[in-house]
Amino acid sequence: MIYPSKSKRKRFDPVAYKKSDGLAKECITKYLERVGHDVLPPEEDYGVDLQSTYWDGGILHEHYHEVEMKHMWEGEWPTAWKDIHIPFRKQRLLRKVYDKDQDANFYFYIIRGDCKVAWRMDATIVKDSPVVEVPNRAVRKGEYFFKVPIDKAELIDLGVKDGSKTD
C-alpha cells in the first residue's frame, strides 16, 4: 500500500484533548472491565491509550486499545457516513504495536459523544484500509485518514445508562 509522505494535522488543542481523552479512556475502561478485561492504569507515554489483559482458555492475552471521541456524532450513525476515518498519524501506533508483536490484539474505538455506543475496529482492518485525503473544518487540504468501511467495524453498546456519560 502506498502512503502519503506527509499528512497535515489540525492544531493541537490541549483543553479539548484533556476533556475528550480522559472521558474516552474512562468510557472504554468501564466497557472493558464489564466484559472481563483487567485494564492497566493508563500512562501518558504517547503510545496506545489503554492496555488490558484478558483470560481466554486459560491463557492470559494482552490487548491494546486506541480511543477517540467523535462529538459530532449524535443519535444514530448518519447514513451518509459510509466510512469511519482514523487519522493517518495513528500509523506510528500500528507500527509500534505490530513491530513488537505481529499477532497483537489491537483495537480502535470511535465513541459517540454521550458514551453510549462506539465503533470498534480490529487494527488489522485499519492498517489494511485505504488512506485518503479528507478535507474538513480544521484542515481543508492535506490531512489523511484511514478509510474504514462501517461494515468492517462493530457497533458496541458501552452500557451507559441515560443521564450519565460514565455510569
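A brief report on the enclosed structure follows. (Residues numbered from 1 in each chain as written. Predicted model: local features only at pLDDT ≥ 70, side-chain atom pairs only at ≥ 80, totals over all residues. Heavy atoms only, no water.)

## Structural notes on the nonpolar core
The nonpolar side chains of a soluble globular protein tend to be buried with one another. Of all hydrophobic cores here, the largest spans 24 residues; its most connected members are Ile-84, Ile-86, Phe-106 and Met-121. When residues of this core are traced back to their parent elements, those giving at least two are strand S4 (83-87), helix H2 (91-100), strand S5 (105-112), strand S6 (117-122), helix H3 (123-127) and strand S8 (144-149). Looking at this core, the element that brings in the most residues is H2, giving four residues. If we ignore the near neighbours within four places in the chain, the residues touching Met-121 are Ile-84, Ile-86, Phe-106, Tyr-107, Phe-108, Ile-110, Val-126, Val-148 and Ala-153. Core analysis: the second largest hydrophobic core is formed by 18 residues, Cys-27, Tyr-31, Tyr-109 and Ala-118 among them. (Core = buried A, V, L, I, M, F, W, Y, C linked by side-chain atoms within 4.5 Å. Buried < 20%, exposed > 50% of the residue type's maximum accessible area, 1.4 Å probe, protein only. Helix = DSSP H or I, 4+ residues; strand = E, 2+ residues; numbered from the N terminus. Contact = heavy atoms within 4.5 Å.)

## Observations regarding the side chain of Thr-53
Note that Thr-53 resides in strand S2 (residues 50-56). On the basis of relative accessible area, Thr-53 is assigned to the buried category, the value being 16%.

## Focus: the packing of aromatic side chains
Going through the model one piece at a time under the given rule, you end up with six aromatic pairs. With a centroid separation of 5.5 Å and an interplanar angle of 40 degrees, the aromatic rings of Phe-88 and Phe-146 are classed as tilted. Linking Phe-88 in the loop between S4 and H2 with Phe-146 in strand S8, this pair joins segments that are 58 residues apart in sequence. By relative accessible area, which is 10% here, Phe-88 ends up buried. Judged by its relative accessible area of 0%, Phe-146 falls in the buried class. Arranged with centres 5.1 Å apart and planes meeting at 35 degrees, the rings of Phe-106 and Phe-108 form a pair that is tilted. Considered together, Phe-106 and Phe-108 belong to a single accessibility category, that of buried residues. Taken together, the ring pairs in this structure connect Trp-73, Trp-77, Trp-81 and Trp-119 into an aromatic cluster. Note that Arg-120 overlies the ring of Tyr-107, its terminal NZ or CZ placed 5.1 Å from the centroid. The cationic tip of Lys-127 hangs over the ring face of Tyr-98; the distance from NZ or CZ to the ring centre is 5.2 Å. (Phe/Tyr/Trp six-rings, centres within 6.5 Å; stacked < 30°, edge-to-face > 60°. Lys NZ or Arg CZ within 6 Å of the ring centre and 35° of its normal.)

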